[in-house]
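Letter by letter, the chains look like this.
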Amino acid sequence: GGKIKDFIRKNDIMIERNLEGIAEDIVSKNKRIVLLAGPSSSGKTTTSKKLSLYLSSLGVNAIPISLDDFFLNRNETPVDEYGNKDYESINAIDTELFNDQLSRLLKGEEVILPTYNFITGQKEFKRRLKLKENAILIIEGLHSLNDELTKTIDKKNKYKIYISALTQLNVDEHNRIPTTDGRLIRRMVRDARTRGTNAKGTIAMWESVRKGEEQNIFPYQETADAMFNSALLYELAVLKPYAEPALFGIRPGEPEYEEAKRILKFLDYFLAVGSDELPKNSIIREFVGGSCFKV
(Lines give C-alpha, C1' and ligand atoms only; values in the text may rest on other atoms or scores of the structure.)
Protein backbone atom coordinates (compact mmCIF):
# COMPACT_ATOMS: atom_id res chain seq x y z
CA GLY A 1 0.00 0.00 0.00
CA GLY A 2 2.68 2.50 1.05
CA LYS A 3 4.82 1.83 -1.99
CA ILE A 4 1.87 2.25 -4.34
CA LYS A 5 0.87 5.49 -2.60
CA ASP A 6 4.38 6.89 -3.04
CA PHE A 7 4.48 5.80 -6.67
CA ILE A 8 1.16 7.56 -7.33
CA ARG A 9 2.31 10.75 -5.55
CA LYS A 10 5.61 10.86 -7.41
CA ASN A 11 3.89 10.39 -10.73
CA ASP A 12 1.41 13.17 -9.93
CA ILE A 13 4.22 15.54 -8.92
CA MET A 14 5.97 15.01 -12.27
CA ILE A 15 2.80 16.00 -14.08
CA GLU A 16 2.11 18.95 -11.77
CA ARG A 17 5.59 20.33 -12.36
CA ASN A 18 4.95 20.42 -16.07
CA LEU A 19 1.67 22.34 -15.56
CA GLU A 20 3.33 24.80 -13.23
CA GLY A 21 5.92 25.55 -15.92
CA ILE A 22 3.16 26.19 -18.46
CA ALA A 23 1.39 28.57 -16.05
CA GLU A 24 4.62 30.53 -15.52
CA ASP A 25 5.15 30.72 -19.28
CA ILE A 26 1.63 32.13 -19.82
CA VAL A 27 2.14 34.83 -17.21
CA SER A 28 5.62 35.79 -18.39
CA LYS A 29 4.31 36.20 -21.96
CA ASN A 30 1.42 38.30 -20.73
CA LYS A 31 -1.25 36.29 -22.56
CA ARG A 32 -4.95 37.08 -22.09
CA ILE A 33 -6.57 33.96 -23.55
CA VAL A 34 -5.50 30.38 -22.95
CA LEU A 35 -6.91 27.86 -25.41
CA LEU A 36 -6.92 24.19 -24.36
CA ALA A 37 -7.75 21.31 -26.64
CA GLY A 38 -7.17 17.61 -26.72
CA PRO A 39 -8.88 14.42 -27.80
CA SER A 40 -11.67 12.69 -25.88
CA SER A 41 -10.78 11.67 -22.33
CA SER A 42 -7.39 13.36 -22.36
CA GLY A 43 -8.34 14.99 -19.05
CA LYS A 44 -9.06 18.51 -20.36
CA THR A 45 -11.48 19.46 -17.60
CA THR A 46 -9.23 18.61 -14.65
CA THR A 47 -6.21 20.07 -16.43
CA SER A 48 -7.97 23.39 -17.05
CA LYS A 49 -9.10 23.54 -13.39
CA LYS A 50 -5.57 22.80 -12.17
CA LEU A 51 -4.08 25.34 -14.54
CA SER A 52 -6.52 27.94 -13.17
CA LEU A 53 -5.23 27.23 -9.66
CA TYR A 54 -1.60 27.60 -10.73
CA LEU A 55 -2.38 30.87 -12.49
CA SER A 56 -4.25 32.12 -9.39
CA SER A 57 -1.21 31.28 -7.26
CA LEU A 58 0.80 33.54 -9.58
CA GLY A 59 -1.61 36.41 -8.88
CA VAL A 60 -3.72 36.00 -12.01
CA ASN A 61 -7.49 35.89 -12.05
CA ALA A 62 -8.20 32.80 -14.21
CA ILE A 63 -11.71 32.50 -15.61
CA PRO A 64 -12.78 29.22 -17.24
CA ILE A 65 -15.14 29.30 -20.22
CA SER A 66 -16.46 26.09 -21.77
CA LEU A 67 -16.99 25.98 -25.51
CA ASP A 68 -19.94 23.65 -24.94
CA ASP A 69 -21.91 26.66 -23.73
CA PHE A 70 -21.56 28.20 -27.19
CA PHE A 71 -23.33 25.43 -29.09
CA LEU A 72 -25.86 26.70 -31.60
CA ASN A 73 -29.44 26.05 -30.51
CA ARG A 74 -30.33 22.49 -31.43
CA ASN A 75 -32.63 23.45 -34.31
CA GLU A 76 -29.70 25.29 -35.99
CA THR A 77 -27.14 22.46 -35.56
CA PRO A 78 -25.63 21.34 -38.90
CA VAL A 79 -26.09 17.74 -40.06
CA ASP A 80 -23.49 15.27 -41.36
CA GLU A 81 -23.67 13.28 -44.61
CA TYR A 82 -26.03 10.77 -42.94
CA GLY A 83 -28.45 13.46 -41.84
CA ASN A 84 -27.48 13.19 -38.16
CA LYS A 85 -26.81 16.33 -36.12
CA ASP A 86 -23.07 16.93 -36.19
CA TYR A 87 -22.02 18.19 -32.77
CA GLU A 88 -18.35 17.49 -33.51
CA SER A 89 -18.14 20.10 -36.26
CA ILE A 90 -16.89 23.63 -35.59
CA ASN A 91 -20.05 24.77 -37.39
CA ALA A 92 -22.07 23.45 -34.43
CA ILE A 93 -20.59 26.32 -32.41
CA ASP A 94 -21.86 29.88 -32.50
CA THR A 95 -18.46 31.30 -33.47
CA GLU A 96 -19.93 34.75 -34.25
CA LEU A 97 -21.26 35.17 -30.72
CA PHE A 98 -18.07 33.68 -29.27
CA ASN A 99 -15.76 36.10 -31.10
CA ASP A 100 -18.02 39.04 -30.36
CA GLN A 101 -18.05 38.28 -26.62
CA LEU A 102 -14.30 37.62 -26.45
CA SER A 103 -13.48 40.88 -28.22
CA ARG A 104 -15.77 42.82 -25.93
CA LEU A 105 -14.33 41.16 -22.82
CA LEU A 106 -10.79 42.06 -23.90
CA LYS A 107 -11.90 45.68 -24.32
CA GLY A 108 -13.08 45.65 -20.72
CA GLU A 109 -16.81 45.57 -21.48
CA GLU A 110 -19.32 43.47 -19.56
CA VAL A 111 -21.01 40.59 -21.39
CA ILE A 112 -23.68 38.07 -20.46
CA LEU A 113 -22.30 34.62 -21.26
CA PRO A 114 -24.50 31.78 -22.43
CA THR A 115 -25.02 28.52 -20.56
CA TYR A 116 -26.12 25.71 -22.83
CA ASN A 117 -29.09 23.74 -21.59
CA PHE A 118 -28.53 20.21 -22.92
CA ILE A 119 -32.10 19.20 -22.10
CA THR A 120 -33.87 21.96 -24.03
CA GLY A 121 -31.06 22.40 -26.57
CA GLN A 122 -31.12 26.18 -26.08
CA LYS A 123 -28.60 28.76 -24.86
CA GLU A 124 -29.64 30.61 -21.69
CA PHE A 125 -28.02 33.95 -20.90
CA LYS A 126 -27.38 34.37 -17.19
CA ARG A 127 -23.71 34.70 -16.36
CA ARG A 128 -22.43 38.27 -16.28
CA LEU A 129 -18.71 38.76 -16.76
CA LYS A 130 -16.37 41.71 -16.86
CA LEU A 131 -12.61 41.16 -16.86
CA LYS A 132 -10.40 42.74 -14.23
CA GLU A 133 -6.95 44.00 -15.21
CA ASN A 134 -5.06 40.79 -14.44
CA ALA A 135 -7.64 38.33 -15.79
CA ILE A 136 -6.93 35.44 -18.14
CA LEU A 137 -9.67 33.51 -19.90
CA ILE A 138 -9.21 29.74 -20.06
CA ILE A 139 -11.14 28.26 -22.93
CA GLU A 140 -11.43 24.51 -23.06
CA GLY A 141 -13.02 22.63 -25.92
CA LEU A 142 -12.72 20.46 -28.96
CA HIS A 143 -11.92 23.28 -31.40
CA SER A 144 -9.87 25.56 -29.18
CA LEU A 145 -6.72 25.30 -31.31
CA ASN A 146 -8.51 25.99 -34.59
CA ASP A 147 -7.90 29.66 -35.45
CA GLU A 148 -11.30 29.78 -37.11
CA LEU A 149 -12.76 29.69 -33.59
CA THR A 150 -10.99 32.88 -32.45
CA LYS A 151 -10.53 34.54 -35.83
CA THR A 152 -11.10 38.09 -34.61
CA ILE A 153 -8.64 37.80 -31.71
CA ASP A 154 -5.09 39.05 -32.13
CA LYS A 155 -2.51 36.22 -32.08
CA LYS A 156 -0.42 38.02 -29.49
CA ASN A 157 -3.22 37.50 -26.93
CA LYS A 158 -3.52 33.74 -27.45
CA TYR A 159 -1.71 30.86 -25.78
CA LYS A 160 -2.53 27.37 -27.05
CA ILE A 161 -2.11 24.16 -25.09
CA TYR A 162 -2.50 20.72 -26.62
CA ILE A 163 -3.37 17.99 -24.11
CA SER A 164 -2.66 14.40 -25.00
CA ALA A 165 -2.72 11.14 -23.08
CA LEU A 166 0.18 9.26 -24.61
CA THR A 167 0.71 6.02 -22.73
CA GLN A 168 4.41 5.26 -22.72
CA LEU A 169 4.18 1.76 -21.38
CA ASN A 170 5.43 -1.40 -23.00
CA VAL A 171 3.95 -4.60 -21.68
CA ASP A 172 6.99 -6.47 -22.96
CA GLU A 173 9.41 -6.21 -25.89
CA HIS A 174 6.70 -6.91 -28.43
CA ASN A 175 3.60 -5.33 -26.93
CA ARG A 176 3.21 -1.59 -26.65
CA ILE A 177 0.00 -0.20 -25.30
CA PRO A 178 -1.58 1.81 -28.11
CA THR A 179 -1.92 5.40 -26.96
CA THR A 180 -5.62 5.49 -27.75
CA ASP A 181 -6.40 2.48 -25.53
CA GLY A 182 -5.73 4.44 -22.38
CA ARG A 183 -8.26 7.04 -23.49
CA LEU A 184 -10.81 4.41 -24.51
CA ILE A 185 -10.60 2.81 -21.06
CA ARG A 186 -10.84 6.19 -19.31
CA ARG A 187 -13.89 7.03 -21.41
CA MET A 188 -15.53 3.65 -20.80
CA VAL A 189 -15.22 4.07 -17.04
CA ARG A 190 -16.51 7.66 -17.14
CA ASP A 191 -19.41 6.92 -19.51
CA ALA A 192 -20.60 4.09 -17.27
CA ARG A 193 -20.46 6.36 -14.22
CA THR A 194 -21.86 9.63 -15.56
CA ARG A 195 -23.68 9.00 -18.81
CA GLY A 196 -25.30 5.63 -18.27
CA THR A 197 -23.53 4.26 -21.36
CA ASN A 198 -22.25 0.70 -21.06
CA ALA A 199 -18.86 -0.48 -22.35
CA LYS A 200 -20.49 -1.91 -25.45
CA GLY A 201 -21.90 1.54 -26.28
CA THR A 202 -18.58 3.29 -25.69
CA ILE A 203 -16.72 0.84 -27.93
CA ALA A 204 -19.40 1.11 -30.62
CA MET A 205 -19.07 4.93 -30.67
CA TRP A 206 -15.29 5.01 -30.42
CA GLU A 207 -14.61 4.90 -34.15
CA SER A 208 -16.73 7.96 -34.86
CA VAL A 209 -15.16 9.77 -31.89
CA ARG A 210 -11.73 8.97 -33.37
CA LYS A 211 -12.84 10.15 -36.79
CA GLY A 212 -13.92 13.48 -35.31
CA GLU A 213 -10.53 13.85 -33.63
CA GLU A 214 -8.67 13.15 -36.89
CA GLN A 215 -10.60 16.02 -38.45
CA ASN A 216 -10.95 18.51 -35.63
CA ILE A 217 -8.04 18.11 -33.23
CA PHE A 218 -4.96 16.31 -34.51
CA PRO A 219 -4.34 18.69 -37.45
CA TYR A 220 -3.97 21.63 -35.04
CA GLN A 221 -1.61 20.13 -32.47
CA GLU A 222 1.38 21.54 -34.36
CA THR A 223 0.19 25.09 -33.65
CA ALA A 224 0.28 24.67 -29.86
CA ASP A 225 2.58 26.79 -27.68
CA ALA A 226 2.76 23.99 -25.11
CA MET A 227 2.08 20.27 -24.99
CA PHE A 228 0.81 18.58 -21.86
CA ASN A 229 0.71 14.80 -21.50
CA SER A 230 -1.87 13.67 -18.94
CA ALA A 231 -1.09 9.93 -19.11
CA LEU A 232 -0.15 8.51 -15.74
CA LEU A 233 1.94 5.40 -15.19
CA TYR A 234 -0.49 4.08 -12.57
CA GLU A 235 -3.79 4.79 -14.29
CA LEU A 236 -4.45 1.37 -15.87
CA ALA A 237 -4.01 -0.30 -12.48
CA VAL A 238 -6.64 2.04 -11.01
CA LEU A 239 -9.02 1.84 -13.98
CA LYS A 240 -8.80 -1.96 -14.20
CA PRO A 241 -11.33 -2.82 -11.42
CA TYR A 242 -13.87 -0.49 -13.10
CA ALA A 243 -13.22 -1.53 -16.69
CA GLU A 244 -13.07 -5.30 -16.30
CA PRO A 245 -16.62 -5.98 -15.07
CA ALA A 246 -17.95 -3.65 -17.77
CA LEU A 247 -16.01 -5.49 -20.49
CA PHE A 248 -17.01 -8.93 -19.21
CA GLY A 249 -20.60 -7.86 -19.88
CA ILE A 250 -19.98 -8.01 -23.64
CA ARG A 251 -21.02 -11.43 -24.98
CA PRO A 252 -19.45 -13.59 -27.71
CA GLY A 253 -21.12 -12.89 -31.02
CA GLU A 254 -21.68 -9.18 -30.26
CA PRO A 255 -19.81 -6.88 -32.68
CA GLU A 256 -17.80 -5.33 -29.81
CA TYR A 257 -16.71 -8.70 -28.38
CA GLU A 258 -13.31 -8.98 -30.12
CA GLU A 259 -12.32 -5.48 -29.04
CA ALA A 260 -13.44 -6.17 -25.46
CA LYS A 261 -11.42 -9.39 -25.43
CA ARG A 262 -8.33 -7.57 -26.71
CA ILE A 263 -8.55 -4.90 -23.99
CA LEU A 264 -9.19 -7.48 -21.26
CA LYS A 265 -6.12 -9.37 -22.41
CA PHE A 266 -3.78 -6.47 -21.85
CA LEU A 267 -5.49 -5.38 -18.60
CA ASP A 268 -4.40 -8.82 -17.37
CA TYR A 269 -0.82 -7.54 -17.25
CA PHE A 270 -1.71 -5.05 -14.49
CA LEU A 271 -2.33 -5.48 -10.80
CA ALA A 272 -5.51 -3.75 -9.68
CA VAL A 273 -5.09 -0.78 -7.34
CA GLY A 274 -8.05 0.53 -5.32
CA SER A 275 -9.09 4.09 -6.12
CA ASP A 276 -8.95 5.00 -2.41
CA GLU A 277 -5.18 5.34 -2.98
CA LEU A 278 -5.85 8.17 -5.44
CA PRO A 279 -5.51 11.80 -4.35
CA LYS A 280 -8.72 13.83 -4.74
CA ASN A 281 -7.06 16.06 -7.34
CA SER A 282 -5.76 13.27 -9.60
CA ILE A 283 -6.67 13.56 -13.27
CA ILE A 284 -7.95 9.96 -13.07
CA ARG A 285 -10.67 11.14 -10.66
CA GLU A 286 -12.29 12.78 -13.70
CA PHE A 287 -13.10 9.23 -14.82
CA VAL A 288 -13.54 7.15 -11.64
CA GLY A 289 -15.28 9.91 -9.63
CA GLY A 290 -14.55 11.59 -6.31
CA SER A 291 -12.62 14.54 -7.74
CA CYS A 292 -12.23 17.68 -5.64
CA PHE A 293 -12.92 19.62 -8.85
CA LYS A 294 -16.45 19.59 -10.19
CA VAL A 295 -15.82 17.48 -13.28
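Use the structure listed above.
Computed from a predicted model, the values in this text were never measured in an experiment.

Caption draft 1: View of the side chain of lysine 240. For lysine 240, the location among the structural elements is in helix α6 (residues 235-248). With relative accessibility at 9%, the residue lysine 240 sits in the buried group. Of the polar contacts made by the side chain of lysine 240, one reaches the backbone oxygen of leucine 267; its length is 2.9 Å. Aside from chain neighbours lying at most four places away, what touches lysine 240 is Pro245, Leu267, Asp268, Phe270, Leu271 and Ala272.

Caption draft 2: Geometry of helix α3 (residues 95-106). Helix length check: α3 (12 residues) gives 16 Å between terminal C-alpha atoms against 16 Å at 1.5 Å per residue, within 8%. Three or more residues of α3 are buried, namely Thr95, Leu97, Phe98, Asn99, Gln101, Leu102, Ser103 and Leu105. Looking at the packing, one finds that the buried side of α3 touches β1 (33-37), β3 (111-117), β4 (122-129) and β5 (135-140). Looking one or two residues past α3, glycine 108 carries a phi angle of roughly 90°, positive in sign.

Caption draft 3: Quick look at the sheet that holds strand β2 (residues 61-66). Taking strand neighbours across the sheet as the criterion, the 5 strands line up as β2-β5-β1-β6-β7 in an open arrangement whose pairing is parallel. Across the chains shown, the open sheet's two edge strands, defined by having one partner strand only, are β2 and β7 (226-229). Going from strand to strand, the sheet's axes swing by 25° on average, the running direction of each strand aside. Sheet topology places β2 next to β5; 6 bridges connect them, and they run parallel. Its bridge partner being in β5, alanine 62 is matched across the sheet by isoleucine 136. Strands β1, β2, β5, β6 (158-164) and β7 of the sheet are contacted by helix α2 (residues 44-57), whose axis makes an angle of about 170° with β5.

Caption draft 4: Representation of the packing of helix α4 (residues 179-195) against helix α7 (residues 257-267) within the structure. The interhelical angle for the contact between α4 and α7, taken along N-to-C directions, is 105°, at an axis separation of 12 Å. Here α4 is positioned roughly perpendicular relative to α7, judged by the angle of their axes. Contacts between α4 and α7 involve Asp181, Leu184, Ile185 and Met188 from the former and Glu259, Arg262, Ile263, Phe266 and Leu267 from the latter. Considering only residue class, the contact of α4 with α7 consists of 6 nonpolar, no polar and 3 charged.

The rules behind these values
- Residues numbered from 1 in each chain as written.
- Predicted model: local features only at pLDDT ≥ 70, side-chain atom pairs only at ≥ 80, totals over all residues.
- Heavy atoms only, no water.
- Helix = DSSP H or I, 4+ residues; strand = E, 2+ residues; numbered from the N terminus.
- Buried < 20%, exposed > 50% of the residue type's maximum accessible area, 1.4 Å probe, protein only.
- Polar contact = N/O pair within 3.5 Å; in protein donor to acceptor, adjacent residues only side chain to side chain.
- Contact = heavy atoms within 4.5 Å.
- Expected span 1.5 Å × (residues − 1).
- Pairing = 2+ DSSP bridges.
- Axes fitted to C-alpha atoms, helices over the stretch in contact; angles between N-to-C directions.
- Parallel < 35°, antiparallel > 145°, perpendicular 65-115°, else oblique.
- Nonpolar A, V, L, I, M, F, W, Y, C, P; charged D, E, K, R; others polar.

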